[in-house]
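This is what each chain is made of:
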Amino acid sequence: MKAMAFERIRVLNGYGLPDGGSYIAAGDLCEIREKTAAGLYPVTYPTRKGSKTRWLRTLDGFLCNQNDYPNISYPAAGYEKATIKSGGCGVCAAVNAVGALTGKRVPVGEMRDLAVSGLARVPGGTNMAQLCLLLKREYGLTSRTTSSVLELQAHLRQGGAAICNAAGKGLLSTGGHYVTALGELGGRICIADPGLYAGKYAANARRKAAVTVSGDLIFVKAGDLDGDCSGRWPKYYLLRKGG
């Protein structure tokens, strides 16, 4: 599974001790593999001398979070005072997907401008179908849609990413919300949730039971994700680099 680092991340050696001479830099595209028996995630990342593998206990630093952008406006008719924090989950979900697929760290302001100028910003949110067309033009991604969770899983296993259209049924959100599926680890789908905040997935018994949080990423069973997207069409925007 690949994910973009959005901040500098300290790493560990294979014994779980801090490796003071190594770090993952913001903008590094990383390969994250299954957790070891010692509870560590092996992460391979680029350096000037080639790829390097170190370990992480939790997956902090791998999320473009809309809550970090209360001062970037995201206006639409009837939502003139909206910001990325209040309505930009689609923008940040797209940043997470582009990073994971291309290794390009897109500034949130750049993605916001693309959505607004390209008519993907609509009252109440983001027209993801339109934004996906813009992602093809600007970043070379191709997209297709599905409402099959089995097709989503197959796509992720083949190295793709996806933007998931949550319906607000209370697991990922209580209102319409976009999140990015980055891949599968440990039999669960790994999600970058742009609306993540401290304690979100400890707020009630359902979330505690269904969601595992590791730093800035979360893990859910495919069936739970699919149920939370129920009622939306399409449920999933499947993205990959090139054809």
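Report on the accompanying structure. Within every chain, residues take consecutive numbers counted from 1 along the sequence as written. Two thresholds apply to this predicted model, a pLDDT of at least 70 for residue-level local features and 80 or more for giving and counting side-chain atom pairs, whereas whole-chain, interface and lining totals are computed over all residues. Side-chain measures were taken over the full set of non-hydrogen atoms in the model, leaving aside hydrogen atoms and water.

A few points about the sheet that holds strand β10 (residues 161-166)
Working step 1: If DSSP finds at least two bridges between two strands, the strands pair. Labels follow the DSSP assignment, with helices taken as runs of H or I lasting at least four residues and strands as runs of E lasting at least two, numbered in each case from the N terminus. Taken in spatial order, the seven strands of this open sheet run β9-β15-β10-β11-β12-β14-β13, and their pairing is antiparallel. Two strands bound the open sheet, and with one partner strand each, they are β9 (141-146) and β13 (211-214). For this sheet, the mean inter-axis angle between neighbouring strands, taken without regard to orientation, is 30 degrees.
Working step 2: Where β10 and strand β15 (residues 236-241) come together, four bridges link them in antiparallel fashion. Along β15, the bridge assignment pairs Ile163 with Tyr237.
Working step 3: Here a residue-residue contact requires only that any non-hydrogen atoms of the pair lie within 4.5 Å. Angles here are taken between N-to-C directions and fall from 0 to 180 degrees, while the axes themselves are lines fitted to C-alpha atoms, restricted in helices to the stretch in contact. Seen against the sheet, helix α2 (residues 89-102) touches β9, β10, β11 (177-185), β12 (188-192) and β15 and runs at an angle of roughly 25 degrees to β11.
Working step 4: In the packing of helix α5 (residues 149-157) onto the sheet, the strands contacted are β9, β10, β11, β12 and β15, and the crossing angle to β15 comes to about 20 degrees.

Description of the environment of Thr58
Working step 1: Secondary-structure assignment places Thr58 in the loop between β6 (50-56) and α1 (84-87).
Working step 2: Apart from residues no more than four positions distant in its own chain, Thr58 is found in contact with Ser214 and Gly215.
Working step 3: Definition of a polar contact: a pair of N or O atoms within 3.5 Å, with one able to donate and the other able to accept a hydrogen when the atoms are protein atoms, and with sequence-neighbouring residues admitted only if both atoms are side-chain atoms. Looking at Thr58, its side chain comes within polar contact range of the side chain of Asp60, at 2.6 Å.

Description of α2
Working step 1: Here α2 contains 14 residues, and its C-alpha end-to-end distance of 20 Å stays within 8% of the 20 Å for a straight helix at 1.5 Å per residue.
Working step 2: Relative accessibility thresholds used throughout: buried, under 20% of the residue-type maximum; exposed, over 50%; partly exposed, between the two (1.4 Å probe, protein chains only). Counting buried positions along α2 gives 13 out of 14 residues, so the element sits mostly inside the fold.
Working step 3: Downstream of α2 by a residue or two, Gly103 has a phi angle that is positive, lying close to 80 degrees. Helix span, expected: 1.5 Å multiplied by one less than the number of residues in the helix.

So, the packing of aromatic side chains
Working step 1: Ring pairs shown here join Phe, Tyr and Trp side chains whose ring centres sit within 6.5 Å, with only the six-membered ring taken for Trp; geometry is labelled stacked below 30 degrees between planes, edge-to-face above 60, and tilted in between. Counted under the stated rule, the structure contains one aromatic pair.
Working step 2: With a centroid separation of 6.5 Å and 5 degrees between ring planes, the pair formed by Tyr41 and Phe219 is classed as stacked. Here Tyr41 is found in strand β5 (residues 41-47), whereas its partner Phe219 is found in strand β14 (residues 217-220), with 178 residues between them in sequence.
Working step 3: Across the ring face of Tyr23, the terminal group of Arg8 is positioned such that the distance to the ring centre comes to 3.6 Å.
Working step 4: Here the basic side chain of Arg121 rests over the ring of Tyr74, its NZ or CZ set 4.0 Å away from the ring centre. Distance and angle both matter: a charge sits over a ring if NZ of Lys or CZ of Arg is within 6 Å of the ring centre and within 35 degrees of the ring normal.

Describing the packing of α2 against helix α4 (residues 128-139)
Working step 1: With their axes 11 Å apart at the nearest point, α2 and α4 run at an angle of 35 degrees to one another. Considering how the two elements wind past one another, α2 and α4 form a crossing that is right-handed. On α4, the residues that touch Gly90, Ala94, Val98 and Thr102 of α2 are Met128, Leu131, Leu135 and Tyr139.
Working step 2: Here the contact of α2 with α4 is built from residues that sort into six nonpolar, two polar and no charged. In a left-handed crossing the near helix is turned counterclockwise from the far helix by less than a right angle, and in a right-handed crossing that turn is clockwise. Ten residue types, Ala, Val, Leu, Ile, Met, Phe, Trp, Tyr, Cys and Pro, are classed as nonpolar, four, Asp, Glu, Lys and Arg, as charged, and the remainder, Gly among them, as polar.

Concerning the packing of helix α3 (residues 108-117) against α4
Working step 1: At a minimum axis distance of 10 Å, the contact between α3 and α4 shows a crossing angle of 120 degrees. Put simply, α3 runs oblique to α4. The element α3 and its partner α4 pack so that their crossing is right-handed. Contacts between α3 and α4 involve Glu110, Met111, Leu114 and Ala115 from the first element and Leu131, Leu134, Leu135, Arg137, Glu138 and Tyr139 from the second.
Working step 2: Looking at the contact of α3 with α4, its residues break down into seven nonpolar, no polar and three charged. We call two directions roughly parallel when the angle between them is under 35 degrees, roughly antiparallel when it is over 145, roughly perpendicular when it lies between 65 and 115, and oblique otherwise.

Here we look at the environment of Gly39
Working step 1: Positionally, Gly39 belongs in the loop between β4 (29-32) and β5.
Working step 2: Considering only alpha carbons, one finds Gly39 and Arg57, 18 residues apart in sequence, at a separation of 6.6 Å.
Working step 3: Apart from the residues lying within four places of it in its own chain, the contact partners of Gly39 are Leu56 and Arg57.

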